[in-house]
Amino acid sequence: MGYKMNKIEIDLEESAPELFEKYEALKKNLLPIHESVVQGASLADGGLLTGHGPAHIARVGEVASLIVGQCPVDLSPYEQFILLVAIQIHDIANIKGRAGHERKIPSVWKKVIPDLAFDAFDKSIAEQIAAAHGGKFGGDKNTIGRLEPDGPWNNQPIRPRFLAALLRVADELAEDPDRSARTLMALDQVPKENELFHVYAAGLHSIAPETSSSSVRLKFAFKEDLFLKPLGKGEKEEFLLDEIYQRVVKTYLECIYCSRFFPGFELKKVHVEILIFGKSDGEHDDHIDENKEHIRFYLEDDGYPRIGDIEIFSLSKDIGNFREGGPLTSERLIRLLKGEGTKAATETISENQQGKQGILGKMAKLLLPKNNGERM
């Protein structure tokens, strides 16, 4: 299946045809690897990895193009070329298994591209940029900061940290329903250990980076039954809402981190919308679903900078005190979807408005323990 060229590819073809030709040759040679990444990862690790093949690579390029198109600075043709190469190779080592795949890129590259078929300096800088999209260097998660600063490379000016930040945030924002195994999900054939990852991807239907507002918008849509029971994640089970919280905090942190290396712009706020739909009581399966809940919140750290783990309820007042009834935990959402939480929330709002004494005691009964899910 062919994919539409992204804006960076189009610009490179127009401005530097010789570099575009080299890139296209690399892309063609890597296609068999991209097409086999999920199968290879499954053989190495078991389970069923979400999409890391040609569709994901194309999506990363699209998101990178969206961000570059809003940048106050331009990429040189050489920077476009290196970024596109890094996008193509950043996930190829998943074919040997997920663990440490960022550092294993050369082991796959050499099987596909002969040493004399690609410039060694271009290969080196592209591999370094691609490797910085995740993982650790010597136990340090600051992988981008370990790259060389702006300067000449192979007789060309280049900004490795800027390019690595573009790739990393584009990869983070390239989650979409195409990464889920929707056919296998419909047939209940996704392994239990991978269930939650595929459900999350299937429901994230829109992602929009907006440099003008320094924000990213995430929009989800799910059927309510997915929130009512825990789903498989590795050797454990977790509720979908907890997974959404963990993942959007990770997205927020990745945006904050990568913004350190963006020249003249940043992404420091994440807007989230979750639409939950289902059947009304007594309706048949062939009836149209109705909206059961519409949850909106955003993540922004507007207080004094903190060190250590960040909890989602401290980043968002909208869900930290959802409808003035306390944190929106998975347990509370289940009660709301079942129609059991409306009365308590109404009573709380009424008491807040009247300013009665004893309100703190009432609120204490409503507040549930904060989610202590696994780390990101």
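Residues numbered from 1 in each chain as written. Predicted model: local features only at pLDDT ≥ 70, side-chain atom pairs only at ≥ 80, totals over all residues. Heavy atoms only, no water.

### Quick word on the pairing of strand β3 (residues 204–210)
Remember that side chains alternate between the two faces of the sheet whenever the strand is regular. Looking at chain direction, β3 and strand β4 (residues 215–223) are connected through six bridges and run antiparallel. In the sheet register, A208 faces β4, and the bridge partner there is R217. Following β3, the chain reverses through four residues before pairing antiparallel with β4; S214 in that reversal takes a positive phi of roughly 55 degrees. (Pairing = 2+ DSSP bridges. Helix = DSSP H or I, 4+ residues; strand = E, 2+ residues; numbered from the N terminus.)

### Quick look at unusual backbone geometry
At N154, a position not held by glycine, the phi torsion is positive, near 55 degrees. With respect to the element layout, N154 can be found in the loop between β1 (151–153) and β2 (156–158). For N154, a relative accessible area of 30% gives the class partly exposed. Located in the positive-phi region is R323, a residue other than glycine, with phi close to 50 degrees. Its location among the elements puts R323 in the loop between α12 (317–320) and α13 (330–337). (Buried < 20%, exposed > 50% of the residue type's maximum accessible area, 1.4 Å probe, protein only.)

### Describing the packing of aromatic side chains
Within this structure, the stated rule accounts for twelve aromatic pairs. By way of ring pairs, the aromatic residues Y200, F220, F222 and F227 are connected into one cluster. Across the ring face of Y200, the terminal group of R247 is positioned such that the distance to the ring centre comes to 4.1 Å. The side chain of K269 reaches across the aromatic face of Y298, ending 5.0 Å from its centre. (Phe/Tyr/Trp six-rings, centres within 6.5 Å; stacked < 30°, edge-to-face > 60°. Lys NZ or Arg CZ within 6 Å of the ring centre and 35° of its normal.)

### Here's the deal with the packing of helix α4 (residues 77–89) against helix α7 (residues 160–172)
It is at 10 Å that the axes of α4 and α7 come closest, and there the two elements cross at 40 degrees. Relative to α7, the element α4 is oriented oblique. Once α4 is placed against α7, the crossing between them reads as right-handed. Residues E79, I82, L83, A86 and I87 of α4 pack against L163, L166 and L167 of α7. Its residues placed into classes, the contact of α4 with α7 shows seven nonpolar, no polar and one charged. (Axes fitted to C-alpha atoms, helices over the stretch in contact; angles between N-to-C directions. Parallel < 35°, antiparallel > 145°, perpendicular 65-115°, else oblique. Left-handed = near helix turned anticlockwise from the far one by under 90°. Contact = heavy atoms within 4.5 Å. Nonpolar A, V, L, I, M, F, W, Y, C, P; charged D, E, K, R; others polar.)

### Describing the side chain of N6
Here N6 lies in the segment before α1 (7–15). Among the polar contacts made by the side chain of N6, one reaches the side chain of S65 at a distance of 3.3 Å. The contacts of N6, once residues within four sequence positions are left out, are G61, E62, S65 and L84. (Polar contact = N/O pair within 3.5 Å; in protein donor to acceptor, adjacent residues only side chain to side chain.)

### Some thoughts on the sheet that holds strand β7 (residues 269–278)
Ordered by their spatial adjacency, four strands build an open sheet running β3-β4-β7-β8, and the pairing between neighbours is mixed. Where the open sheet ends on each side, the last strands, each with one partner, are β3 and β8 (290–299). Across the sheet, the axes of successive neighbouring strands diverge by a mean angle of 10 degrees, strand direction being ignored. Strand direction decides the pairing type here: β7 and β8, joined by nine bridges, are antiparallel. The residue of β8 that forms the bridge with V272 is F297.

### As for the nonpolar core
Residues F220, F227, V248, I274 and F297 are the most contacted members of the largest nonpolar core, which totals 94 residues. Here the element with the most residues in this core is helix α10 (residues 240–259); it accounts for ten residues. Setting aside chain neighbours within four positions, we find F227 in contact with F222, F239, L240, L241, I244, I274, I276, L333, I334 and L337. By size, the runner-up hydrophobic cluster in this structure holds six residues, among which are V38, L49, A181 and V190. (Core = buried A, V, L, I, M, F, W, Y, C linked by side-chain atoms within 4.5 Å.)

### Some thoughts on helix α6 (residues 120–131)
Over its twelve residues, α6 runs 16 Å from end to end, which matches the ideal 16 Å to within 8%, given 1.5 Å per residue. For α6, the complete set of buried residues consists of D122, K123, I125, A126, E127, I129, A130 and A131. Of the surrounding secondary structure, the elements contacted by the buried residues of α6 are α2 (17–45), α4, α5 (105–112), β1, β2 and α7. Measuring from the backbone nitrogen of F121 back to the side-chain oxygen at the start of α6 gives 2.9 Å, which picks out D119 as the cap. (Expected span 1.5 Å × (residues − 1).)

### Things to note about the environment of N94
For N94, the location among the structural elements is in the loop between α4 and α5. Separated by ten residues in the primary sequence, N94 and K104 have C-alpha atoms spaced 8.6 Å apart. Setting aside residues up to four positions removed in sequence, N94 forms contacts with V37, G40, A41, H52 and H101.

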